[in-house]
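The lines below spell out each chain.
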Amino acid sequence: MSSWRSLLLRIGDNCPDYGTSSDFKEHIETCFGVIRRELEHSSNEILSFLLQCAEQLPHKIPLYGTLVGLLNLENEDFVKQMVEATQANFQDALDFGNCDMIRILMRFLTVMMCSKVLQPSSLVVVFETLLSSAATTLDEEKGNPSWQARGDFYVSCILSCLPWGGSELVEQVPEEIESVMVGIEAYLSIRRHNSDTGLSFFEDDDESGRGVVEKDFLEDLWGRIQVLSSNGWKVDSVPRPHLSFEAQLVAGKSHEFGPINTPEQPEPLSEVSGVLYGKQKHDAELKYPQRIRRLNIFPASKIEDMQPIDRFIVEEYLLDVLLFLNGCRKECASFMVGLPVPFRYDYLMAETIFSQLLLLPLPPFKPIYYTLVIMDLCKALPGAFPGVVAGAVRALFEKIADLDTECQTRLILWFSHHLSNFQFIWPWEEWAFVLDLPKWAPQRVFVQEVLEREVRLSYWDKVKQSIENASALEELLPPKGSPNFIYSIEDGREKTEQHALSAELNNKVKARQTAREIISWVEESVFPNHGWDIALKVVVHTLLDIGSKSFTHLITVLERYGQVFARICPDHDKQVMLIAEVSSYWKNNAQMTAIAIDRMMGYRLISNLAIVRWVFSPANIEQFHTSDRPWEVLRNAISKTYNRISDLRNEISSLKKSAVSAEEAATKAKTELDAAESKLSLVDGEPVLGDNPARLKRLKANAEKAKEEEVSVHESLEAKEALLARALDENEALFLSLYKNFSNVLMERLPDPSRARTLRELKSIQADEMTVDLDESSVMEVDNESGRPNKSLSNGGKESSIYNVGEKEQWCLSTLGYVKAFARQYASELLQNIFTVMGGKQLRI
């Protein structure tokens with residue numbers, strides 16, 4: 001990397017490029033000196049790279065803005081081009097709805113205004129343009145209120161710029177910025193309060209405070225800006241290096257920022273329909289998502305003392321680093337621990353990362369990314385961050401009964417993976433009390449599932465050794481994962497006819513007989529003499545046993561003999577029994593059960609509808625509140641179905657582009673051929689219609705080839721569209737079956753509405769029926785931060801074994817949690833056929 005690139009990239013960092021200095025002013029002066037010399041030779045490269053740095057390292061934007069201000073004193077044309085390039089990128093971001101780029105470029109514009117590069121009035125015009133678009137969106141005649149998410153996003157972008165330049169705007173254009181603030185206040189007065197119902201981390205948050213409406217994200221940000229304004233716009237967490245060069249920068253020429261245009265307003269609703277409004281609102285929130293939902297894990301006494309606006313800014317820094325450095329985990333951790341703020345923020349950093357890991361409906365990145373970042377932060381801050389992470393786990397464990405079902409699953413997966421990277425070390429004796437809780441208590445289930453996932457990542461004896469300080473917890477370990485092969489003769493079982501059939505089948509496989517030959521043997525020798533049930537057991541157990549040595553062995557068996565399964569289980573009823581036999585064979589290994597069923601669905605040996613029916617079989621229904629085993633299989637089935645649709649849509653999109661290119665190529669080739677055929681040429685001195693015969697032959701061949709390619713692409717497109725239509729029908733049938741099954745089992749078990757209308761009331765049924773008189777002050781602690789009673793009740797300094805939710809109620813809570821999780825994750829698909837799912841007339845939107 002050339003020296004000027006390295007200096008731009010590493011400005012503000014403690015690195016060899018800047019020697020031992022960590023002073024921002026010295027960094028800027030050093031970088032400016034090198035860039036100024038290089039401008040004559042590499043101005044285009046510098047412009048592009050500098051803008052790229054500002055866009056992808058936004059926590060350094062004040063440094064880049066000051067650098068641009070100094071360059072403006074030396075080369076106004078270069079900086080004018082920088083402003084024009086920023087304007088072009090900003091307009092593109094608006095046109096394509098690139099939220100991150102809109103937000104960051106507005107921050108960059110604000111900082112350039114502080115460095116006298118941009119006229120304050122130009123920045124105010126940008127604010128007014130966005131504010132006007134936001135207000136129009138809420139107008140029922142000119143806009144579409146269901147797209148409020150876009151208006152909220154625009155206004156949040158304006159407000160989020162003010163910590164970086166509010167004082168300069170108030171000083172230089174006080175009336176204009178006051179007008180903007182009045183406009184924002186007016187917008188807030190007419191918009192709908194944005195409820196996070198269904199997206200809250202804790203179930204009680206959806207139902208708490210019926211008489212008190214908590215601020216949503218935009219209202220909260222407005223309140224923080226109001227506090228900042230009353231404090232004279234003083235911000236500790238935003239570097240202001242331009243002040244060190246103020247005497248020089250004031251001599252620079254301020255440039256105009258070109259006009260911008262916001263996207264056209266969405267079409268107004270053609271009819272008042274809750275479904276249409278809900279779908280458009282959902283689409284808007286997908287395109288303009290709320291960036292963070294705060295997860296208040298720690299009590300106020302532990303969180304670092306900082307001003308309200310400083311918390312917002314540090315969150316912005318952390319989220320930006322997570323966003324732009326997601327492919328460089330070590331760089332990400334390095335930047336996260338070295339933010340340009342003068343105070344500690346370890347607890348806030350942990351809360352922010354966990355808020356992203358648990359963000360609903362989906363985290364911005366795969367959960368493994370956050371796992372790796374937390375690991376690297378623990379290594380980067382070994383004396384501080386591991387304790388903070390452990391405190392977060394303990395706090396979340398205390399509230400696990402109220403934590404959203406999907407969040408519980410993610411927390412289990414993260415925690416087990418995290419421990420596997422730190423030698424499975426954890427003070428399990430702190431949680432040994434869960435053995436005294438009922439088997440359905442969320443804390444007990446959490447420990448059980450974490451241990452089961454740890455076994456997957458290591459081996460049974462290793463995990464057993466890790467809990468030796470709480471050896472009683474061995475009760476919660478899963479069985480050792482050996483197969484349950486019912487035709488084994490090693491344990492002295494009496495040999496039966498079925499054992500002989502299994503041995504015969506095993507020999508046929510060893511002899512490499514084909515699937516067709518084995519199917520013939522089953523149909524001619526096994527079916528007539530032993531019946532279908534015995535044939536199924538023999539085939540499933542024997543073939544799975546052959547494939548049990550490894551994942552590769554399993555895949556080989558399914559690829560080679562999958563047609564045997566398909567032949568004996570051609571319909572849903574028999575496929576359900578096939579899945580039951582797979583589960584029976586791997587009853588000691590939940591992971592292999594899930595893998596085998598998933599692979600069988602991948603090879604289309606079993607359908608997703610059969611999997612749904614198996615999940616809702618009586619034996620599995622009884623596990624809904626005590627085990628993740630059936631839910632894992634169901635999650636995999638729905639995910640695979642959805643991924644098929646996503647893949648087909650991507651392939652169709654690509655084929656449509658190829659079709660356009662093929663049509664253009666065929667048209668061009670045909671045009672060239674027609675032109676050559678109509679051309680007059682001289683042959684033996686006589687005019688003849690047509691070009692040189694050799695050239696004509698070549699052009700004709702090219703035209704035919706281009707036409708064949710066009711036809712081929714269109715045929716492929718038609719085939720993929722047919723597959724997509726089939727996949728959409730399968731998806732519709734899947735969700736219809738899923739929610740019918742949910743409805744049936746819940747209707748059987750939910751209490752009468754007169755006893756419980758909310759989740760909170762459902763939880764309290766058992767407690768209300770208890771007749772034991774307990775001293776409330778001694779058995780219940782209240783979390784001062786949230787006002788919620790802790791579900792792990794205290795008794796003499798040790799955890800009590802009281803869990804006041806009955807088994808039937810917990811079953812309902814767990815099942816309803818999964819109903820919500822699936823509806824939330826696949827809302828777009830469900831809204832396509834909402835009336836079908838609800839049992840009414842089908843409507844495709």
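Rules and cut-offs
Residues numbered from 1 in each chain as written. Predicted model: local features only at pLDDT ≥ 70, side-chain atom pairs only at ≥ 80, totals over all residues. Heavy atoms only, no water. UniProt positions renumbered as here; feature names shortened; annotations may be inferred. Helix = DSSP H or I, 4+ residues; strand = E, 2+ residues; numbered from the N terminus. Expected span 1.5 Å × (residues − 1). Contact = heavy atoms within 4.5 Å. Axes fitted to C-alpha atoms, helices over the stretch in contact; angles between N-to-C directions. Parallel < 35°, antiparallel > 145°, perpendicular 65-115°, else oblique. Left-handed = near helix turned anticlockwise from the far one by under 90°. Nonpolar A, V, L, I, M, F, W, Y, C, P; charged D, E, K, R; others polar. Buried < 20%, exposed > 50% of the residue type's maximum accessible area, 1.4 Å probe, protein only. Polar contact = N/O pair within 3.5 Å; in protein donor to acceptor, adjacent residues only side chain to side chain.

Per an unreviewed UniProt entry, the recorded name for the protein chain is Nuclear cap-binding protein subunit 1, and the organism is Populus deltoides. Its UniProt record gives the protein chain the following Subunit (unreviewed entry) comment, quoted word for word: "Component of the nuclear cap-binding complex (CBC), a heterodimer composed of ABH1/CBP80 and CBP20 that interacts with m7GpppG-capped RNA." Reading the Sequence similarities (unreviewed entry) entry of the UniProt record for the protein chain gives the comment "Belongs to the NCBP1 family."

S.K.: So what's going on with helix α17 (residues 385–398)? Which residues, and what values?
M.R.: Given 3.6 residues per turn, any residue in an α-helix points the same way as the ones three and four places further on. Its 14 residues give α17 an end-to-end C-alpha distance of 20 Å, which sits within 8% of 20 Å, the value for a rise of 1.5 Å per residue. Summarising the contacts, the buried residues of α17 are in contact with α15 (346–357), α16 (367–380), α18 (405–420) and α19 (442–457).

S.K.: Can you explain the packing of helix α14 (residues 329–337) against α16? Please cite residues and give values.
M.R.: Two numbers describe how α14 lies on α16: the axes approach to 9 Å, and their chain directions differ by 55 degrees. By the angle class used here, α14 and α16 are oblique. In this structure, α14 crosses over α16, and the sense of that crossing is right-handed. Contacts from Arg329, Lys330, Cys332, Ala333, Met336 and Val337 of α14 reach α16 at Tyr369, Leu372, Val373, Met375, Asp376, Leu377 and Ala380. Of the residues contributing to the contact of α14 with α16, the split by class is 10 nonpolar, no polar and 3 charged.

S.K.: Outline the side chain of glutamate 304, listing residues and values.
M.R.: Here glutamate 304 lies in the loop between α12 (274–287) and α13 (308–324). Those residues within four positions of glutamate 304 in sequence are excluded, and the remaining contacts are Arg344, Tyr345, Asp346, Tyr347 and Leu348.

S.K.: Before we move on, could you go through helix α25 (residues 590–602) and cite the residues and values that matter?
M.R.: Taking 1.5 Å of rise per residue, the 13 residues of α25 would be expected to cover 18 Å, and the 18 Å separating its terminal C-alpha atoms lies within 8% of that figure. Looking at α25, one finds that the buried residues are Ala590, Met592, Thr593, Ala594, Ala596, Ile597, Asp598, Met600 and Met601. Taking the backbone nitrogen of glutamine 591 as reference, a side-chain oxygen 3.2 Å away marks asparagine 589 as the first, capping residue of α25. Following α25 by one or two positions, arginine 604 has its phi on the positive side, about 60 degrees.

S.K.: Account for the packing of helix α6 (residues 120–137) against helix α7 (residues 148–172), naming residues and giving values.
M.R.: Interhelical geometry of α6 versus α7 gives an angle of 155 degrees and a closest axis separation of 9 Å. Considered as vectors, α6 and α7 are oriented roughly antiparallel to each other. At the point where α6 passes α7, the crossing takes the left-handed sense. Contact residues: Pro120, Leu123, Val124, Phe127, Leu130, Leu131, Ser133, Ala134 and Thr137 in α6; Gln148, Arg150, Gly151, Tyr154, Val155, Ile158, Cys161, Leu162, Leu169 and Gln172 in α7. For the contact of α6 with α7, the per-class residue count stands at 13 nonpolar, 5 polar and 1 charged.

S.K.: Go over the environment of proline 308, please, and point to the residues and values.
M.R.: Tracing the backbone shows proline 308 in helix α13. Along the sequence, proline 308 and isoleucine 225 sit 83 residues apart, while their C-alpha atoms lie 8.7 Å from each other.

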